[in-house]
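An overview of the molecular structure
Listed here are the chains, written in short residue letters.
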Amino acid sequence: MSDLRDVSARQRYEQGFVVKSGMLRCVWADYEDRDGARAILHVEADPELHGTGASGRFMQSLADHARRERIRLLPVCGYAIAWFRRHPDQADVLG
């Protein structure tokens, strides 16, 4: 796994995960800033990561990053909304 990074020029968070073949694949989230919060518009994982739990680990990394950087997150994407519902202990980062 690689560290979460903010690719601000693309308004996207990305995190890499190593798959069984040893290749690095990515989970990403597109975002936009809205009224002092960062709206998570879309979360997607490389098909090779489907079913591995990488998207959930990405969301945890994103919540941890938001907490450290004092960024409020606004989940818009269905996956992000569902993840925060399943993890109410992470609600302190929601805006």
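First, a word on scope: everything that follows refers to the structure included in this document. (Residues numbered from 1 in each chain as written. Predicted model: local features only at pLDDT ≥ 70, side-chain atom pairs only at ≥ 80, totals over all residues. Heavy atoms only, no water.)

1. Comments concerning helix H1 (residues 54-69)
In this model, H1 (16 residues) spans 22 Å end to end at C-alpha, consistent with the 22 Å of a helix rising 1.5 Å per residue. On its buried face, H1 sits against strand S2 (12-18), strand S3 (24-34), strand S4 (37-45), strand S5 (73-75) and helix H2 (78-86). Looking one or two places after H1, you find Arg 70, whose phi comes out positive at around 60 degrees. (Helix = DSSP H or I, 4+ residues; strand = E, 2+ residues; numbered from the N terminus. Expected span 1.5 Å × (residues − 1). Contact = heavy atoms within 4.5 Å.)

2. Details of H2
Turning to H2, its buried residues are Ala 80, Trp 83 and Phe 84. One side of H2 carries all its buried residues, which in axial view fall inside an arc of 95 degrees. Of the exposed residues in H2, the ones pointing more than 90 degrees away from its buried face are Gly 78, Arg 85 and Arg 86. Buried residues along H2 sit in contact with S4, H1 and S5. (Buried < 20%, exposed > 50% of the residue type's maximum accessible area, 1.4 Å probe, protein only. Arc of directions from axis to C-beta.)

3. Things to note about the environment of Asp 89
With respect to the element layout, Asp 89 can be found in the segment after H2. Engagement of the side chain of Asp 89 in a polar contact is seen with the side chain of Gln 90, the distance being 3.1 Å. (Polar contact = N/O pair within 3.5 Å; in protein donor to acceptor, adjacent residues only side chain to side chain.)

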